[in-house]
Amino acid sequence: MGESANGTPVRPPPPESPLRNSKYSKVIVVDNFFSGTKDNLKRWMGHPHFEIIRHDVTETLLVEVDRIYHLACPASPIFYKHNPVKTIKTNVMGTLNMLGLAKRVGARILLTSTSEVYGDPLVHPQPEEYWGNVNPIGVRSCYDEGKRVAETLMFDYHRQHNISIRVARIFNTYGPRMNIDDGRVVSNFIAQALRGETMTVQAPGTQTRSFCYVSDMVEGLIKLMEGPVTGPINLGNPGEFTMLELAQAVQKLIKPSARWEIVDNTPDDPRQRKPDITKAKEILGWEPKISLAEGLPLMAAEFKQRLEISDKK
Ligand SMILES: NC(=O)c1ccc[n+]([C@@H]2O[C@H](COP(=O)([O-])OP(=O)(O)OC[C@H]3O[C@@H](n4cnc5c(N)ncnc54)[C@H](O)[C@@H]3O)[C@@H](O)[C@H]2O)c1
Ligand SMILES: O=c1ccn([C@@H]2O[C@H](COP(=O)(O)OP(=O)(O)O[C@H]3OC[C@@H](O)[C@H](O)[C@H]3O)[C@@H](O)[C@H]2O)c(=O)[nH]1
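Residues numbered from 1 in each chain as written. Chains lettered and ligands numbered in written order. Predicted model: local features only at pLDDT ≥ 70, side-chain atom pairs only at ≥ 80, totals over all residues.

K.L.:
Looking at this structure, how should I read the overall build of the protein?
P.N.:
Check the secondary structure of the protein and you find eight helices and 14 strands. Rg of the C-alpha trace for the protein: 20 Å, near the compact-globule value of 20 Å for 313 residues, within the 12% margin. Dimensions along the principal axes, computed over C-alpha positions, put the protein at roughly 60 × 45 × 40 Å. The proportion of buried residues among the 313 residues of the protein is 38%. Across the protein, the fraction of contacts at a sequence separation of at least 24, relative to all contacts at a separation of at least 6, is 81%. (Helix = DSSP H or I, 4+ residues; strand = E, 2+ residues; numbered from the N terminus. Rg over C-alpha atoms; globule rule 2.2 N^0.38 Å. Buried ≥ 20, exposed ≤ 12 C-beta atoms within 10 Å, placed from the backbone. Contact = placed C-beta atoms within 7 Å.)

Below, the structure is given as structure tokens:
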């Protein structure tokens, strides 16, 4: 038995499934398309080892798999606050169903938890040992308390049923193919600047976030899934920026004449956030490679294409 980051023993992987022995990996995407879109999957459609199932994870799912990346959840604050009861159901019942599936087929399961489990953190930067500062009855609770329960379920299934688990605590991640109207800050600022709209900096503007480019995140998730520890492990880019600094970076990149205004914020917005990624570096040999200055232009170029904005405009 190996030892995990938090001292929880890691059980040996379940017996080899027939899928593990096949020459190629097969991927089954399960999504109810609440905030996602099939457009992002077009290039894989028709591939013999790729399949999509329209399914809501709050319902039971019967498939044969040996790895489960459990990402399904509304993730943008405007989406998760839109139907908070559904958000918490997705976190609780969705995670229970995915754990039930993992138990039935002997699969390893990875949960994409979040930096939001640290709430409005009183420790900075945030290490995995920090228990957080979360409002249990606020407008964000459906998401942050939901993810905290999802983590609890993961570890209870691990201890009680010997399920092989991995828990990633993801910090703000961005990149091409995000929903243009997703509502999160990087996509908002880029879309607003490209459309010639005023960027909406929510008050006070001095709150900080650390932004990780999507390809770095995917690499981190795969390393965690195939690595030796259960986690929880922070995955994120430690570069820390205020929202005003982000607006300035987008202005410099897209249009010097782009403007921003300070608008009202919603309650319980964390004032600071930055991952301590010592564990990810030491245990997984992972750290992000793409800085915000490198990632923003890649995202802006793809947003331009989708918004059909030419460089001459
Ligand atoms: N991007 C980030 O900054 C970030 C940070 C921390 C954690 N996460 C987590 O990573 C995961 C992916 O986030 P994302 O940023 O790619 O968001 P996203 O909205 O692009 O992806 C979430 C996906 O889950 C699907 N979904 C939602 N509810 C579902 C349900 N009940 N059944 C089936 N599918 C459902 C959506 O349709 C969408 O395709 C989420 O679990 C999120 O909480 C993301
Ligand atoms: O238009 C906007 C949108 C957001 N913001 C600010 O930008 C900061 C980041 O907001 P986002 O909505 O992008 O994301 P948050 O950091 O609040 O939450 C995210 O955290 C990690 C994940 O789990 C989720 O993807 C999401 O909950 C906040 O301080 C918010 O007030 C703006 O200034 N303007």
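K.L.:
Would you explain the site of ligand 2 in this entry?
P.N.:
For ligand 2, the set of nearby residues contains 18 residues, the closest of which are Thr114, Arg184, Val185, Asn188 and Gln202. The dominant element in the shell around ligand 2, judged by the number of residues it contributes, is strand β9 (residues 199-202), at three residues. Here the residues of the shell around ligand 2 sort into six nonpolar, eight polar and four charged. (Near = placed C-beta within 6 Å. Nonpolar A, V, L, I, M, F, W, Y, C, P; charged D, E, K, R; others polar.)

K.L.:
Hey, could you run me through the sheet that holds strand β7 (residues 165-170) in this one?
P.N.:
Neighbouring strands of a sheet are bound in pairs by backbone hydrogen bonds; such pairs are parallel or else antiparallel. One open sheet holds the four strands; their spatial order is β5-β6-β7-β12, and the pairing between them is parallel. The outermost strands of the open sheet, each flanked by one partner alone, are β5 (67-70) and β12 (233-235). On average, each strand axis in the sheet is inclined to that of its neighbour by 25°, with strand direction left out of account. In this sheet, strand β6 (residues 108-114) lies alongside β5 in parallel orientation, the contact comprising four bridges. Considered in β6, the bridge of tyrosine 69 is made with leucine 110. Running over the sheet, helix α2 (residues 84-105) touches β5 and β6 and is turned about 175° from β5. Across the face of the sheet, helix α5 (residues 214-226) comes into contact with β5, β6, β7 and β12 while running at roughly 155° to β7. (Pairing = 2+ DSSP bridges. Axes fitted to C-alpha atoms, helices over the stretch in contact; angles between N-to-C directions.)

K.L.:
Teacher, can you tell me more about the nonpolar core here?
P.N.:
Across soluble globular proteins, you tend to see nonpolar side chains buried next to one another. Ranked by internal contacts, the top residues of the largest apolar core, which has 62 residues, are Ile68, Ile109, Phe189, Ile190 and Val250. Looking at this core, the element that brings in the most residues is helix α4 (residues 185-195), giving seven residues. Non-local contacts of isoleucine 109, meaning those with residues more than four positions away in its chain, are made with Ile68, His70, Met98, Leu99, Ala102, Ile163 and Ile165. (Core = buried A, V, L, I, M, F, W, Y, C linked by C-beta atoms within 7 Å.)

K.L.:
Could you clarify how one ought to interpret the site of ligand 1 in this entry?
P.N.:
Surrounding ligand 1, one finds 21 residues, the nearest of these being Ser35, Gly36, Ala72, Ala75 and Ile170. Secondary structure elements with two or more residues in the shell around ligand 1: α2 and β6. Grouping the amino acids of the shell around ligand 1 by side-chain chemistry returns nine nonpolar, ten polar and two charged.

K.L.:
Could you clarify how one ought to interpret α5 in this entry?
P.N.:
Because each turn of an α-helix spans 3.6 residues, side chains separated by three or four positions in sequence point in the same direction. Its 13 residues give α5 an end-to-end C-alpha distance of 18 Å, which sits within 8% of 18 Å, the value for a rise of 1.5 Å per residue. Those residues of α5 that sit buried are Asp216, Met217, Gly220 and Leu224. With its buried residues spanning 95° around the axis, α5 presents them on a single face. Contacts from the buried residues of α5 go to β6, β7, β8 (173-174), β11 (212-213), β12 and α7 (278-284). (Expected span 1.5 Å × (residues − 1). Arc of directions from axis to C-beta.)

K.L.:
Looking at this structure, how should I read unusual backbone geometry?
P.N.:
Residues apart from glycine generally show negative phi values, whereas peptide bonds are mostly found in trans. Of note, the bond from histidine 124 into proline 125 is cis; its omega dihedral lies within 30 degrees of zero at -10°. Structurally, proline 125 is set in the loop between β6 and α3 (141-161). Glycine 231 connects to proline 232 through a cis peptide bond whose omega is 5°. Of note, asparagine 162 is a non-glycine position whose phi angle comes to about 65°, a positive value.

K.L.:
Is there a simple way to explain the environment of glutamate 51 in this structure?
P.N.:
Mapped onto the elements of the fold, glutamate 51 is located in strand β4 (residues 50-54). Placed 114 residues apart in sequence, glutamate 51 and isoleucine 165 show a C-alpha to C-alpha distance of 24 Å.

K.L.:
Help me understand the environment of leucine 41 in this model?
P.N.:
For leucine 41, the location among the structural elements is in the loop between β3 (27-31) and β4. In contact with leucine 41, other than residues within four places in its own chain, are Val29 and Ile52.

K.L.:
Where do I start with the packing of α4 against helix α8 (residues 292-306) in this structure?
P.N.:
Two measures define how a pair of helices packs: the angle their axes make with one another and the distance between the axes. In the contact formed by α4 and α8, the axes pass within 10 Å of each other and the chain directions differ by 55°. One way to sum up the angle between α4 and α8 is to call them oblique. The interaxial crossing formed by α4 with α8 has right-handed handedness. Of the residues in α8, those in contact with Val186, Ile190, Ala191 and Leu194 of α4 are Met299, Ala300, Phe303 and Lys304. Residue composition of the contact of α4 with α8, grouped by class: seven nonpolar, no polar and one charged. (Parallel < 35°, antiparallel > 145°, perpendicular 65-115°, else oblique. Left-handed = near helix turned anticlockwise from the far one by under 90°.)

K.L.:
Quick question: what am I supposed to make of helix α6 (residues 243-254) here?
P.N.:
Taking 1.5 Å per residue, twelve residues should reach 16 Å; α6 reaches 16 Å between its end C-alpha atoms and fits that length. Looking only at α6, the buried set comprises Met243, Leu246, Ala247, Val250 and Ile254. One face of α6 carries all of its buried residues, which in axial projection span an arc of 100°. For α6, the secondary structure elements touched by its buried residues are α4, β9, β13 (241-242), β14 (260-263) and α8.

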